[in-house]
Amino acid sequence: MTEVRAPDEATVGGTDGLMDKIVNLCKRRGFIFPSAEIYGGFRSTYDYGPLGVNLLRNVKNNWWRTMTQLRDDVVGLDAAILSPPAVWEASGHLANFTDPMVDCRNCHERWRADKIDGVCPNCGSGDLTEPRAFNLMFKTHAGPIEDEGAVAYLRPETAQGTFINFANVLTTTRKKPPFGIAQVGKSFRNEITPQNFVFRTREFEQMELEYFVPPDEASTWFAYWLDERLRWYSDLGIAPEKLRLRHHAPDELSHYSAGTADVEFLFPWGWDELEGIANRTDYDLKAHAAASGERLEYFDQATGERYVPHVIEPAAGATRAMMAFMLAAYDEDEVGGEARTVLRLHWRLAPYQVAVLPLSKKETLEPLARRVLGLLQPHFVCDYDTTQSIGRRYRRQDEVGTPWCVTVDFDSLTDEAVTVRDRDSTLQERVPIDGLIAELRRRTGDV
Ligand code: GAP
């Protein structure tokens, strides 16, 4: 079979070089590595390095915190990634989860028809086949026999795992609509055109809320979640002018949707989707009820009313959001006549929140520096760095977004104080060690 090629899988879009700078930073500083690199790489897959795993985890944890910890109407779930064909038959994904694919008759490359302008990006030929539906689900076999009875699919969205657990969650939590089920985890799509670094990959992470509401409240909750989700990104540091909502035209809607709006971010290549918020109506619960024979509905004992809730679904990409947060935070400025690169990440997202830096490598400073580190570690994610000059170490921390550096110097040995340096202003302030945690807490604004 001809390999399906993406038009710009290798290049990363954008006119100001920002994408290249982010891709380079990710590799150089250990955020994101191309997967299987020692074997020449594996197209469209990436590994998250020591800093990337922290940043990605912080994105997911902050979503989880906002969606579950700070609310009493949302509970969590972690459903299986592997699932039987029955789930995807009922959900409509086997029939409808497709992208239009064309072949170039000249060079035999394959492309996603809606991503090219009728011309083969490889050879320039306009001699393309008619588009045909290409199903994006990854198919595999569970168990040792690779026959039709053993077929399983890797989930292309977390949502279906939520719908098929609706009754389990309802009976175990005694929740009443409006209430939601949140899920974060990997999803897989055999994308025809993986694109723009981790923006569109075949293996990625999603953060999805299925919010179940009485049918007549669906449009109110749809509007509510549009505002909430837009605010989440701006609260975590993306400038409002780089965010917008875009409502889908009727011909763009997914097979289950009665209305969808995307939260869009101004990527280097233009406005593009960060998250989709859909009014899924009662499509999924009804489909699974019909296919499984189970009752998937809400019974209100107080009123005797029985109904199938409608679903409002804010569905975000964690890996895509991580990239957007990095793009939004990237800045270059000048400090003391020297150019510097700085990631102005929100402290909740920064891979390290505090870096403890002994001014010199001299052994006399180490016991106190380690004591300060031990004091901070239960409260903040810390780095400890003794290499190179203090100026170089500040730059290294700026480049990966560490909001505060704590420097232990020779005076610290006698005055029991350290210097706290702020990433954004570069201002330095002397702070007593016994007041350090309180001072850093004050700076987070989270006291
Ligand atoms: N359950 C609904 C659903 O999955 P979607 O718009 O297809 O909706 C939701 O996906 C989000 O998941 C997208 O807005 C995007 O952030 C992320 N996403 C989807 N496909 C992706 C891919 N191939 N690579 C990275 N992120 C992806």
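Quick summary incoming for the structure in this document. Treat the numbers as computed from the prediction; the structure is a model and nothing was measured.

Some words on the overall build of the protein chain
Inference 1: Regarding its fold elements, the protein chain presents 13 helices and 24 strands.
Inference 2: Relative to the globule expectation of 22 Å for 447 residues, the C-alpha radius of gyration of the protein chain, 25 Å, shows essentially globular dimensions.
Inference 3: Residues classed as buried in the protein chain amount to 53% of the 447 residues present.
Inference 4: For the protein chain, the proportion of contacts with a sequence separation of at least 24, taken over those separated by at least 6, is 66%.
Inference 5: Surface summary for the protein chain: the accessible area is close to 20,600 Å², and the carbon and sulfur share equals 49%.

Let's talk about unusual backbone geometry
Inference 1: Looking along the chain, the bond that leaves proline 177 and enters proline 178 is cis, with omega of 0 degrees.
Inference 2: Its location among the elements puts proline 178 in the loop between α6 (166-173) and β10 (179-188).
Inference 3: Backbone geometry at histidine 108 places phi at a positive 70 degrees, although glycine is not the residue there.
Inference 4: Positioned with a positive phi, asparagine 196 is a non-glycine residue whose angle comes to about 55 degrees.
Inference 5: Under the relative-accessibility criterion, asparagine 196 is labelled buried at 4%.

Details of the packing of helix α2 (residues 50-69) against helix α9 (residues 318-329)
Packed helix pairs are characterised by how far apart their axes lie and by the angle those axes make with each other.
Inference 1: Their axes nearest at 9 Å, the elements α2 and α9 cross at an angle of 110 degrees. On the basis of their axis angle, the class for α2 and α9 is roughly perpendicular. Where α2 approaches α9, its residues Gly52, Leu55, Leu56, Val59 and Lys60 are matched on the opposing element by Ala318, Thr319, Ala321, Met322, Phe325 and Met326.

A closer look at the packing of aromatic side chains
Inference 1: Enumeration according to the criterion identifies 18 aromatic pairs in this entry.
Inference 2: The rings of Phe163, Phe166, Phe179 and Phe212 are connected pair by pair, giving a single aromatic cluster.
Inference 3: Between arginine 320 and the ring centre of phenylalanine 199, over which it is positioned, the NZ or CZ distance is 3.7 Å.
Inference 4: In this structure, arginine 421 is placed above the aromatic ring of tyrosine 394, and the distance from its NZ or CZ to the ring centre is 4.4 Å.

Brief notes about the nonpolar core
For soluble globular proteins, nonpolar side chains are generally found buried alongside one another.
Inference 1: Ranked by size, the top nonpolar core spans 57 residues in total, and within it Phe31, Tyr233, Phe325 and Met326 carry the most contacts.
Inference 2: By residue number, the principal contributor to this core is α9, which donates 9 residues.
Inference 3: Dropping the residues within four chain positions of it, phenylalanine 325 is found in contact with Val59, Trp232, Tyr233, Leu236, Ile238, Leu345 and Leu349.
Inference 4: Core analysis: the next-biggest nonpolar cluster, separate from the first, contains 21 residues, Trp347, Leu373, Val420 and Ile433 among them.

Analysis parameters
Residues numbered from 1 in each chain as written. Predicted model: local features only at pLDDT ≥ 70, side-chain atom pairs only at ≥ 80, totals over all residues. Heavy atoms only, no water. Helix = DSSP H or I, 4+ residues; strand = E, 2+ residues; numbered from the N terminus. Rg over C-alpha atoms; globule rule 2.2 N^0.38 Å. Buried < 20%, exposed > 50% of the residue type's maximum accessible area, 1.4 Å probe, protein only. Contact = heavy atoms within 4.5 Å. Areas by Shrake-Rupley, 256 points an atom, 1.4 Å probe, with all protein chains shown as cover. Axes fitted to C-alpha atoms, helices over the stretch in contact; angles between N-to-C directions. Parallel < 35°, antiparallel > 145°, perpendicular 65-115°, else oblique. Phe/Tyr/Trp six-rings, centres within 6.5 Å; stacked < 30°, edge-to-face > 60°. Lys NZ or Arg CZ within 6 Å of the ring centre and 35° of its normal. Core = buried A, V, L, I, M, F, W, Y, C linked by side-chain atoms within 4.5 Å.

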